[in-house]
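Spelled out from the first residue to the last, the chains are:
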Amino acid sequence: MKILHCADLHLDSNMTSNLSKEKARERKSELLMTFNRMIQYAEDNEVRAILIAGDLFDKKKVSRTALNIVQQAIALHPQIDFFYLQGNHDVDSFLGDMDDIPENLRLFGDSWTSYTIECAEDMPVTVSGIELNADNSGGVYDSLVLNSDCFNIVMMHGQESEHTAKDKTEVINIRKLKNKGIDYLALGHIHSYKEETLDGRGVYCYSGALEGRGFDECGEHGFVLLDIDEKTRRCKRTFMPFAKRNIYAVEIDVTGCNTIMDIASRIDDELVQNMYPESSLMKFILTGEVDVECEKDIAYLTKKYEERFYFMKIYDETGLHVNYDDFALDVSLKGEFVRTVKQDDTLSEKDKADIIRCGIRILAGEEV
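Now for a description of the structure that goes with this document. (Residues numbered from 1 in each chain as written. Predicted model: local features only at pLDDT ≥ 70, side-chain atom pairs only at ≥ 80, totals over all residues. Heavy atoms only, no water.)

Turning our attention to the overall build of the protein. When helices and strands are counted, the protein shows seven helices and 19 strands. Since a compact globule built from 368 residues should have a radius of gyration of about 21 Å, the 27 Å found for the protein marks it as more spread out than a globular shape. Dimensions along the principal axes, computed over C-alpha positions, put the protein at roughly 90 × 40 × 40 Å. Looking at the protein as a whole, 48% of its 368 residues are labelled buried. When contacts within the protein are restricted to residue pairs at least 6 apart in sequence, long-range pairs at least 24 apart make up 67% of them. Where the 43 positive side-chain charges of the protein centre and where its 67 negative ones centre are 1 Å apart. (Helix = DSSP H or I, 4+ residues; strand = E, 2+ residues; numbered from the N terminus. Rg over C-alpha atoms; globule rule 2.2 N^0.38 Å. Buried < 20%, exposed > 50% of the residue type's maximum accessible area, 1.4 Å probe, protein only. Contact = heavy atoms within 4.5 Å. Lys, Arg positive; Asp, Glu negative; His and termini not counted. Charge placed at Lys NZ, Arg CZ, Asp CG, Glu CD.)

Listed below in structure tokens is the structure:
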């Protein structure tokens with residue numbers, strides 16, 4: 001039996017961070033299309049059930065477009081059971097706005113709910129889940145009772161911890177879920193893929209977000225595919241990269257560069273070595289230490305590379321190095337300026353370097 005585990009889809013997200021209004025609208029639509037592609041993948045590969053471990057949507061008010069797409073996608077695939085556990089971004093308004101809740105949409109509440117997936121083999125597969133809130137978060141562990149003869153999947157949404165937090169209902173105490181008969185703990189809330197051993201029997205896994213939305217969600221995104229042998233309880237688990245676009249934040253060490261072309265050459269070397277897809281969202285972070293007179297034109301570099309990717313920006317996090325010996329005998333206005341700044345004991349070395357860099361550019365007739 002094949003089961004798909006996804007979470008944190010955040011459909012209907014505004015996607016306005018970094019992107020223009022046009023591209024934000026496009027990315028918003030792409031999230032919905034990736035959801036549909038995932039379901040088509042499930043159909044093509046005879047997936048029996050899809051686990052949605054929270055944060056299917058991003059905000060309280062769900063657009064009619066998103067609502068219709070999700071409802072119809074579920075209803076048009078009656079051979080697939082959809083197990084939907086609400087997360088901290090989800091609200092009941094999604095279900096309330098549905099004209100009809102599809103029969104193959106399985107829901108959970110604030111107490112443990114369990115379903116059995118019908119199969120031809122002797123060992124049943126059960127899916128149990130609970131939605132955490134301020135009232136139930138402390139007692140959910142003692143109330144979880146599972147049949148050890150089943151293949152037990154448990155769904156929850158929250159931040160893993162070895163302890164229970166009194167002030168955060170979305171914290172999941174992993175330690176208290178050990179030795180409960182769990183074979184696969186399907187989690188949502190963390191936006192990157194992670195799998196760890198739960199105990200001698202089972203594992204716990206965050207599928208990560210289906211699509212990255214910002215530069216705090218870099219790397220590959222997708223879902224986890226479970227292939228369960230109901231006879232032996234063996235389960236093959238595979239992370240499936242599936243996002244339409246990946247997001248990368250790449251550090252470029254430009255130490256020793258003196259010109260804009262030197263810096264561009266370092267970026268080119270990175271692009272040759274890694275071959276990032278043109279569909280990517282890229283952030284280049286310039287690091288290292290450069291001479292105070294180094295030519296750094298971020299606007300030029302941005303223009304040079306922005307057409308190579310769906311979105312691209314450059315951050316300058318370089319440090320400045322001032323070789324005061326180069327200006328010790330310089331009788332020009334520039335030399336006098338550098339020496340004056342150097343002698344100011346009220347300034348830090350970083351402030352001196354920043355002031356000298358701005359001053360040199362002004363003296364050269366450049367914009368600051």
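Further remarks concern the state of the cysteines. For the structure on display, the rule yields zero disulfides. The structure places no disulfide on Cys358, whose sulfur is separated from the nearest cysteine sulfur, that of Cys294, by 14 Å. Residue classification places Cys358 among the partly exposed residues on the basis of a relative accessible area of 33%. (Disulfide = S-S within 2.5 Å.)

This part covers the packing of helix α4 (residues 260-274) against helix α5 (residues 298-305). Remark: α4 packs on α5, axes separated minimally by 11 Å, with the N-to-C direction vectors making an angle of 35°. Judged by the sense of rotation from one axis to the other, the crossing of α4 with α5 is right-handed. The segment α4 lies against α5, with Ile260, Met261, Ile263, Ala264, Ile267, Asp268 and Leu271 engaging Tyr300, Leu301, Lys304 and Tyr305. (Axes fitted to C-alpha atoms, helices over the stretch in contact; angles between N-to-C directions. Left-handed = near helix turned anticlockwise from the far one by under 90°.)

Bringing the packing of helix α1 (residues 21-44) against helix α2 (residues 64-75) into the picture now. Running from amino to carboxyl end, α1 crosses α2 at an angle of 0°, the nearest separation of the two axes being 11 Å. As far as their axial angle goes, α2 and α1 are roughly parallel. Within the contact between the two elements, α1 uses Leu32, Phe35, Asn36 and Ile39 and α2 uses Thr65, Ala66, Ile69, Val70 and Ala73. Residue composition of the contact of α1 with α2, grouped by class: seven nonpolar, two polar and no charged. (Parallel < 35°, antiparallel > 145°, perpendicular 65-115°, else oblique. Nonpolar A, V, L, I, M, F, W, Y, C, P; charged D, E, K, R; others polar.)

Counting across every chain of the model gives ten aromatic pairs. Ring geometry for Tyr41 and Phe223: centres 5.3 Å apart, planes at 55°, overall tilted. Placement of Tyr41 in helix α1 and of Phe223 in strand β13 (residues 222-228) is noted, with a sequence separation of 182 residues between them. The pair Tyr41 / Phe223 is uniform in exposure class, with both members buried. Each member of the aromatic cluster is reached from another via a ring pair, and the members are Tyr41, Phe223 and Phe242. When the ring centre of Tyr310 is taken as origin, the NZ or CZ atom of Lys23, which lies over that ring, is 4.5 Å away. For Lys304, the ring lying beneath its charged end belongs to Tyr305, and the centroid distance is 5.4 Å. (Phe/Tyr/Trp six-rings, centres within 6.5 Å; stacked < 30°, edge-to-face > 60°. Lys NZ or Arg CZ within 6 Å of the ring centre and 35° of its normal.)

Taken in spatial order, the three strands line up as β15-β16-β18 in an open sheet, and their pairing is parallel. A strand with exactly one partner marks an edge of an open sheet, and here the two such strands are β15 (247-253) and β18 (311-316). Sheet twist, expressed as the mean angle between neighbouring strand axes with direction ignored, is 20°. The pairing of β15 with strand β16 (residues 281-287) spans seven bridges and is classified as parallel. Bridging from a neighbouring strand, Tyr248 pairs with Met282 of β16. Along the sheet face, α4 touches β15 and β16 and points at about 135° away from the line of β15. Packed on one face of the sheet, α5 meets β16 and β18 and runs near 155° to β18. (Pairing = 2+ DSSP bridges.)

Time to look at helix α6 (residues 333-342). Those residues of α6 that fall on the buried side of the exposure criterion are Gly335, Val338 and Val341. For α6, the angular spread of buried residues about the axis comes to 130°, placing them on one side. (Arc of directions from axis to C-beta.)

Moving on to the pattern of salt bridges. What the rule picks out here adds up to 15 salt bridges. Between Arg245 and Glu30 there is a salt bridge; the shortest N-O distance is 2.8 Å. Pair noted here: Arg245 is in the loop between β14 (235-241) and β15 and Glu30 is in helix α1, with a separation of 215 residues, a long-range link. The exposure classification of Arg245 matches that of Glu30, with both residues buried. The residue Arg106 makes a salt bridge to Asp81 at a minimum N-O spacing of 3.0 Å. With Arg106 in strand β4 (residues 105-107) and Asp81 in strand β3 (residues 81-85), this pair connects stretches of sequence that are 25 residues apart. Here the salt bridges do not stand alone but share partners, grouping Arg27, Glu30, Glu211 and Arg245 into one network. (Salt bridge = Lys/Arg side-chain N within 4 Å of Asp/Glu carboxyl O.)

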